[in-house]
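Now for the letters of each chain:
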Amino acid sequence: MSRPHPVRRPAKDPGGPARGLRRLAASALGVLALTAGLLAAGPPATAASLTQVTGFGSNPGNLSMYAYVPDALPTGAPLVLALHGCTQSAGDYHAHSGWATLADRYGFAVVYPQTNATNNANSCFNWFEAGDGARGRGEALSIKQMADKAVEQYGSDPGRVHITGLSAGGGMTANMLAAYPDVFAGGAVASGLPARCAETLTAAYTCMYSPPDRTPAQWGDLVRSAAPAGTTSWPRVAIWQGTADTTVRPANATELRDQWTNVWGVGQTPSRTRSLTGGTTATTYDDPTGRPAVEVYSVSGMAHGLAVDPGGGAEQCGATGTYYLDTICSSYHTARFWGLDGDGGESPDGPPAPARPAVTATTDTTVSLTWEAVAEAASYHVHRDGTRVGTTAATHYTDTGLAPGTTHGYTVAAVDPAGTVGSPSAAVTATTTGSPSTCHTASNYAHTVAGRAYVSGGHTYAAGSGQPMGLWNTFTVHTLLETSPGHYVIADSGCPA
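These remarks concern the structure in this document. Because the structure is predicted, anything quoted here is derived from the model rather than measured. For every chain, the first residue of the written sequence is number 1, and numbering continues from 1 along that sequence. Only residues with pLDDT of at least 70 get local features here, since the model is predicted, and only at 80 or more are side-chain atom pairs given and counted; chain-wide, interface and lining totals rely on the full set of residues. Note: side-chain values were computed over all heavy atoms of the structure, leaving out hydrogens and water.

Below, the discussion takes up the overall build of the protein chain. Secondary structure summary: the protein chain contains 11 helices and 26 strands in total. Using a 1.4 Å probe on the protein chains alone, a residue whose accessible area is under 20% of its type maximum counts as buried, one over 50% counts as exposed, and one in between counts as partly exposed. With 497 residues in all, the protein chain has 52% of them scored as buried. Residue contacts are defined here by distance: any two heavy atoms, one from each residue, within 4.5 Å place the two residues in contact. Within the protein chain, contacts between residues separated by at least 24 positions form 64% of all contacts whose residues are at least 6 apart in sequence. Runs of H or I in DSSP of at least four residues are treated as helices and runs of E of at least two as strands, each being numbered from the N terminus.

This part takes up the packing of helix 3 (residues 99-106) against helix 10 (residues 330-338). Here an angle of 0 to 180 degrees is reported between the N-to-C directions of two axes, which are lines fitted to C-alpha atoms, with helices fitted over the stretch in contact. Across the interface, helix 3 lies against helix 10 with an axial gap of 9 Å and an inter-helix angle of 40°. With respect to helix 10, the axis of helix 3 lies oblique. Crossing of helix 3 over helix 10 shows right-handed handedness. Between helix 3 and helix 10, the contacting residues are Trp99, Leu102, Arg105 and Tyr106 on the first element and Ser331, Tyr332, Thr334, Ala335 and Trp338 on the second. Gly is placed with the polar residues, together with every amino acid not listed as nonpolar (Ala, Val, Leu, Ile, Met, Phe, Trp, Tyr, Cys and Pro) or charged (Asp, Glu, Lys and Arg). Among the residues making up the contact of helix 3 with helix 10, the classes are represented as six nonpolar, two polar and one charged. Roughly parallel covers angles under 35 degrees, roughly antiparallel covers those over 145, roughly perpendicular covers 65 to 115, and oblique covers all other angles. Handedness of a helix crossing follows the sense of rotation of the near helix relative to the far helix, less than a right angle counterclockwise being left-handed and clockwise being right-handed.

For the rest of this paragraph, the subject is helix 6 (residues 168-179). Given a helix with a known number of residues, its expected span is that number minus one, times 1.5 Å. Here helix 6 contains 12 residues, and its C-alpha end-to-end distance of 16 Å stays within 8% of the 16 Å for a straight helix at 1.5 Å per residue. When you tally the buried positions in helix 6, you get 12 out of 12 residues, the bulk of the element.

All right, on to the sheet that holds strand 26 (residues 487-490) then. Strands qualify as paired when DSSP identifies two bridges or more between them. Reading across the sheet, the three strands line up as 21-25-26 and stay open at both edges, with antiparallel pairing between neighbours. Unpaired on one side and paired on the other, strand 21 (438-443) and strand 26 mark the two borders of the sheet. Looking at each pair of strands side by side, their axes are set apart by 35° on average, direction ignored. Two strands pair when backbone bridges link them, and strand 21 and strand 25 (residues 477-484) are joined in this way by six bridges, in the antiparallel orientation. Residue pairing for strand 25: Ser443 is matched across the bridge by Val477.

Cysteine sulfur pairs qualify as disulfides if the two atoms are within 2.5 Å. Summed over the entire model, instances satisfying the criterion amount to three disulfides. With a sulfur-sulfur separation of 2.1 Å, Cys197 is cross-linked through a disulfide to Cys207. Since a negative S-S torsion denotes a left-handed disulfide, the Cys197-Cys207 link at about -105° is left-handed. Taken together, the positions of Cys197 in the loop between strand 6 (186-190) and helix 7 (201-209) and Cys207 in helix 7 put the pair 10 residues apart, joining distant regions of the chain. With respect to class, Cys197 is no different from Cys207; both count as buried. Between Cys317 and Cys329 runs a disulfide, and the two sulfur atoms are separated by 1.6 Å. Of this pair, Cys317 sits in the loop between strand 11 (306-308) and strand 12 (324-326) while Cys329 sits in the loop between strand 12 and helix 10, and the two are 12 residues apart along the sequence. The burial state of Cys317 is the same as that of Cys329; both residues are buried.

On to the packing of aromatic side chains, then. Put simply, two rings from Phe, Tyr or Trp (the six-membered ring, in Trp's case) pair if the centres are within 6.5 Å, and we call them stacked under 30 degrees between planes, edge-to-face over 60, tilted for the rest. Taken as a whole and assessed by the stated rule, the structure comprises eight aromatic pairs. Summarising the aromatic geometry, the rings of Tyr93 and Tyr324 are spaced 6.3 Å apart at their centres and angled 50° between planes, so their arrangement reads as tilted. Of this pair, Tyr93 sits in helix 2 (residues 90-96) while Tyr324 sits in strand 12, and the two are 231 residues apart along the sequence. The class of Tyr93 is buried, set by a relative accessible area of 1%. Their ring planes at 5° and their centres at 4.0 Å tell us that Trp240 and Tyr297 sit as a pair that is stacked.

So, on to the layout of surface pockets. For cavity detection a 1 Å grid was placed over the protein atoms alone, and a set of points counts as a cavity when a 1.4 Å probe fits there but cannot get out; an open set counts as a pocket when protein lies on both sides within 12 Å along at least five of seven lines, with lining residues being those that have an atom within 4 Å of a point. Grid points are joined across faces, edges and corners, and a volume is the space filled by probe spheres set on the points. The volume enclosed by the second largest pocket comes to roughly 160 Å³. Surrounding the second largest pocket, 13 residues form its lining, Pro250, Ala253, Thr254, Val296 and Ser298 being those nearest its centre. Across the lining of the second largest pocket, the residue classes tally to five nonpolar, seven polar and one charged.

Turning next to the pairing of strand 15 (residues 379-384). Of all six residues that make up strand 15, five are buried, and the element is covered over most of its length. Across six bridges, strand 15 lies against strand 18 (residues 407-415) in antiparallel orientation. Residue Val382 lies in a different strand from strand 18, and its bridge partner there is Val412. Relative to strand 16 (residues 387-392), strand 15 runs antiparallel, the two sharing five bridges. If you follow Tyr380 over to strand 16, its bridge partner there is Thr392.

Within the sequence span of helix 3, burial applies to Trp99, Ala100, Leu102 and Ala103. Seen from one end, helix 3 has its buried residues packed into an arc of 165°, which puts them on one side. Where helix 3 is buried, its residues meet strand 2 (64-68), strand 3 (79-83), helix 2, strand 4 (109-114), strand 5 (161-166) and helix 10. Count one or two residues on from helix 3 and you reach Gly107, which has phi positive near 85°. Directions drawn from the helix axis to the C-beta atoms are what define this arc.

With that settled, consider the pattern of salt bridges. By salt bridge we mean one thing: a side-chain nitrogen of Lys or Arg within 4 Å of a carboxyl oxygen of Asp or Glu. This model, assessed by the stated rule, comprises 12 salt bridges. The salt bridge involving Glu199 is made with Arg196; its shortest N-O contact spans 3.6 Å. A relative accessible area of 43% means that Glu199 is categorised as partly exposed. A relative accessible area of 27% places Arg196 in the partly exposed class. Its salt-bridge partner being Arg356, residue Glu372 comes within 3.1 Å of it at the nearest N-O pair. Of this pair, Glu372 sits in the loop between strand 14 (367-370) and strand 15 while Arg356 sits in the loop between helix 10 and strand 13 (358-362), and the two are 16 residues apart along the sequence. Residue class for Glu372 comes out partly exposed when judged on its relative accessible area of 37%.

Take a look at the structure:
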């Protein structure tokens, strides 16, 4: 690796000479530099082609936008943004990554942001520059503007926009997921870095070779501080890493896992682990509904690059080349993880979602459910309001111990004999009968004004039950429990939980 050295940026560069010197010095990040990529034609088996798109916004990051849109793409289809690595190009990534094949197969548009040697001498996305990786700034804003343009121009579903990237593109992908969780439903970081791991060139080297061993909460805080205040919904994240990568060390995958599982609040204990082709181990971390939130794909013996698997098989895609390594088609498994194949983002080997969930009965304290059987299922997980409340081998379940007059949402997920949990069913809503047990503590005077009590002969009585409460004044205080609409009883000893 050569030492970083300043290179003068052209005077007319829109980022200014000071920023240019920083960018071009940073570009000597040769460890992230991949071989030069040439703008290549798309797969020959389709009339669609890779096309440059202009006029996508103010473009403060000085990037270029290229798009691949399958013929007759319907309105409301998903959208994928795919970021190349250093010294590569949009065309190079389009020709090798396999995303074009999957776009034709499953029906979605692909946008390839492209940087250039003016921004960075090795054409790296500047993931390590604070002015390029933050919301509303530099390259990050340019990429977000490309997503907006594609949604408008191709009619893409704004709720199904995803982003992925390799190496420096992977580092920028992580930053985009942190800065724009309101834009991206899912992401995939291939041989990349945790979000906001570095904001200087020196820190970038540290992240690549020996990433900081922060706690999951510290990593998660970096994401939460980058996102809009009050964010509660996060992208689903796939992490791809070769075990023999000496450019971006495998420890980065562990730190990425810690970061995004903490953001999701699911902990770092795997929900399940399975073996895939190409010496790949996939480890899944489910959200509270049993749906995969984070998956880590570790490819045994793979060096730095993107995992591809050329061929015509159902799980194959991509073309080999420098830093496109013949192991497993990462793009195929990522597309399935996101649900772009129509399976709703279930675990690739998991059973399908149970069909026709329904509420069959309710009482003051119970809700009864049914659903159609799944052939591959050994059991089913039942979730109430996002939390698993039961497991059953039957196709029906009764949830108990509920409060009267309360509303809950339910989903059901099938579990196969190996313990793999499939995607959740459609949600159904149920409201228990009766009224919520609501307590009110106030003076007798306030209770009567609110209609919870009435006055007779200067004394106060609870509405509905008629229980005597004493003199009608502001000095006598009682707690009233509403057991049904308009019916109150004295509960001075404490309200039920």
